[in-house]
Amino acid sequence: MPTNTPGIRPDWKGLIFSGMDHQGEFRRAALELGIPGDEISRFSRHLRLSIGLSAGGGSPVGQFGGLPRLPVGMKWPSAGDAPLPLLFSVDCGALPRIDGFDLPVDGTLLFFVNREMDHEDSSGRYARVVYVPDGTETAVAEAPSSKCVREQLDVSAELRAELPLWLQEGDEDWHEFWEDLDWEDMSPFQQQLARYMERDLPHLDELRALAHDLWPSGAGVVIGGYADDEVINTIAEQTLAGREKAGKIPAVPIAQWYSHLEKEKHRLTSEWISLAREARVYEEYYTSFMIRHDDLAAARVDKALAVTHFEAP
């Protein structure tokens, strides 16, 4: 990737492949299509593999709903007197390994959330991630209320391909926004991305199609991948405003705010990653759990940020 392309950094934590040589698999398939190796490398810097969870199918790696196995003596996670329903739990040792995505190698991750309350409350108290290391004495928790127990379903896992929003195909709002812009109406950073895609990724459509052919999407819950764009946008706005207020950066002119915001969002995509997220479903709540790479590597899953959306028709 050219070093004179500021903002589109080659050291992103983008390409995340497992020890099963998925990187080699992708590269070989792309070379067979006649795509130059340097372009494959550039595209791969933005490609992430994530883990899709679906009910039924192959070997179980966890469960949706049901009763959790918690450490002996641990109370059911709650917000005050309101117990939080178990969204799902997974056996980390049974999940596919993805280099660069530092899930614990063993133990269990449990995700609790009251979607409706979390949607209305930004404090984070209505969502919780719990990690139970292997070797911990556990017991099936007794439900404090039937309202916090959802139907139990075994889940299986498969790898899927993900790209950042600006490289995705099919995000109508995003691409219609870009298509409606004249060149002179684009921010400097938007122009930079457009030049990058046109000049350095001329086979973008073929590379994108190949990635999704090798690792199709469609799971109801996804572990890993790119963090929720709306949440990253909010964090970027708060970060920029905080730097301005603290005098760490000069005041950003209103006309340049959006371009600065986009650059900050790009930076944050290398700092934050999706820990888990539900697929969007119209007229339903869905929750995203995000975490910084360093917190995940240290198994500080209590640092995860949860945000629940409601998808209106």
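Before going into details, it helps to say that this report is about the structure given with it. (Residues numbered from 1 in each chain as written. Predicted model: local features only at pLDDT ≥ 70, side-chain atom pairs only at ≥ 80, totals over all residues. Heavy atoms only, no water.)

This next bit is on the overall build of the chain. Helix and strand content of the chain: nine helices and 14 strands. The buried share of the chain, taken over its 313 residues, is 47%. For the chain, the proportion of contacts with a sequence separation of at least 24, taken over those separated by at least 6, is 73%. By element, 49% of the accessible surface of the chain is carried by carbon and sulfur atoms, the whole surface being about 15700 Å². (Helix = DSSP H or I, 4+ residues; strand = E, 2+ residues; numbered from the N terminus. Buried < 20%, exposed > 50% of the residue type's maximum accessible area, 1.4 Å probe, protein only. Contact = heavy atoms within 4.5 Å. Areas by Shrake-Rupley, 256 points an atom, 1.4 Å probe, with all protein chains shown as cover.)

In the structure shown here, the tally under the stated rule is 14 salt bridges. Here Arg-243 ties to Glu-264 by a salt bridge, and the two come within 3.0 Å at their closest N and O atoms. Pair noted here: Arg-243 is in helix α7 (residues 229-246) and Glu-264 is in helix α8 (residues 254-268), with a separation of 21 residues, a long-range link. With a relative accessible area of 5%, Glu-264 lands in the buried category. (Salt bridge = Lys/Arg side-chain N within 4 Å of Asp/Glu carboxyl O.)

So, on to the sheet that holds strand β6 (residues 86-91). Read from one edge to the other, the open sheet built from 10 strands follows the order β8-β7-β6-β2-β10-β1-β11-β12-β13-β14, with strand pairing classed as antiparallel. Each of the sheet's edge strands pairs with one partner strand only, and the pair in question is β8 (127-132) and β14 (305-311). Strand-to-strand, the axes of this sheet are offset by a mean angle of 30°, without reference to chain direction. Lying on the sheet, α7 is in contact with β12 (272-278), β13 (284-292) and β14; it crosses β14 at an angle near 125°. (Pairing = 2+ DSSP bridges. Axes fitted to C-alpha atoms, helices over the stretch in contact; angles between N-to-C directions.)

Take the environment of Asn-233 next. For Asn-233, the position within the fold is in helix α7. Residues Asn-233 and Glu-264, 31 residues apart in the sequence, show an inter-C-alpha distance of 8.6 Å. Beyond its immediate sequence surroundings of up to four residues, Asn-233 is in contact with Leu-261 and Lys-265.

With six of its eight residues buried, helix α2 (residues 37-44) lies for the most part within the structure. Among all positions in α2, only Gly-37, Glu-39, Ile-40, Arg-42, Phe-43 and Ser-44 are buried. The secondary structure elements touched by the buried residues of α2 are α1 (22-32), α5 (188-200) and α6 (204-214).

Its identity is not glycine, yet Ala-299 carries a phi of approximately 60°, on the positive side. Checked against the element boundaries, Ala-299 lands in the loop between α9 (293-297) and β14.

Here the focus is the packing of α1 against α6. It is at 11 Å that the axes of α1 and α6 come closest, and there the two elements cross at 130°. As judged from the angle between their axes, α1 and α6 are oblique. The way α1 lies across α6 gives a crossing that is right-handed. Contacts between α1 and α6 involve Glu-25, Phe-26, Ala-29 and Ala-30 from the former and Leu-207, Leu-210, Ala-211 and Leu-214 from the latter. Across the contact of α1 with α6, the residue classes tally to seven nonpolar, no polar and one charged. (Parallel < 35°, antiparallel > 145°, perpendicular 65-115°, else oblique. Left-handed = near helix turned anticlockwise from the far one by under 90°. Nonpolar A, V, L, I, M, F, W, Y, C, P; charged D, E, K, R; others polar.)

Attention now moves to the pairing of strand β1 (residues 48-55). Most of β1 sits inside the fold, with six of its eight residues counted as buried. Bridge count for β1 against strand β10 (residues 153-162) is eight bridges, and the pairing is antiparallel. Note on β10: the bridge partner recorded for Ser-54 is Ser-156. Both β1 and strand β11 (residues 221-223) contribute to a ladder of three bridges, which runs antiparallel. Considered in β11, the bridge of Leu-53 is made with Val-221.

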